[in-house]
Amino acid sequence: MGFGWTLVALLSAASPSAELAEFWSVKVKYIFASLSSVAIFVFALAYTGRSRGLTRGRLALLLLVPALAPLAAWFWPAIFLTNSRFEQHGGLYFLVDDT
């Protein structure tokens, strides 16, 4: 999860245009961001030996809400970018908050 998140941040910064930076930073990053909390929880259960009750059905229920964030980022990206814009500094794009 962490490697994917880092790779997406690098691809966003090194994008040749603001539109491509927005694609990587908003639409793709939220896949990793939303699933990381479930991955950490499942890891903690397995590490402490309490994963016995984690069935496929319960895991699917745990993934239900985090799966909605990437869908929202794909179809309504404006809700994630309120008062924000991409600025280019030294050939790299960065997300700047205007608040």
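To be clear, the structure that these remarks concern was listed above.
Residues numbered from 1 in each chain as written. Predicted model: local features only at pLDDT ≥ 70, side-chain atom pairs only at ≥ 80, totals over all residues. Heavy atoms only, no water.

Caption draft 1: Geometry of helix α1 (residues 2-13). An ideal rise of 1.5 Å per residue puts 16 Å on twelve residues; α1 measures up with 17 Å between its terminal C-alpha atoms. Taken residue by residue, α1 has Gly4, Val8, Ser12 and Ala13 as its buried positions. (Helix = DSSP H or I, 4+ residues; strand = E, 2+ residues; numbered from the N terminus. Expected span 1.5 Å × (residues − 1). Buried < 20%, exposed > 50% of the residue type's maximum accessible area, 1.4 Å probe, protein only.)

Caption draft 2: Molecular detail of the environment of Lys27. Within the secondary structure, Lys27 is located in helix α2 (residues 18-47). The sequence separation of Lys27 and Phe86 amounts to 59 residues, and the corresponding C-alpha distance is 14 Å. With residues up to four places along the chain from it excluded, the contact list for Lys27 reads Glu22, Ala73, Trp74 and Pro77. (Contact = heavy atoms within 4.5 Å.)

Caption draft 3: Representation of helix α3 (residues 56-75) in the model. In this model, α3 (20 residues) spans 28 Å end to end at C-alpha, consistent with the 28 Å of a helix rising 1.5 Å per residue. Its maximal kink placed at Leu64, α3 deviates by approximately 35 degrees, while the proline Pro66 follows within four residues. Residues of α3 that are buried: Pro66, Pro70, Ala72 and Ala73. In this structure, the buried side of α3 is in contact with α2. (Bend = angle between axes of the 7 residues up to and from the residue.)

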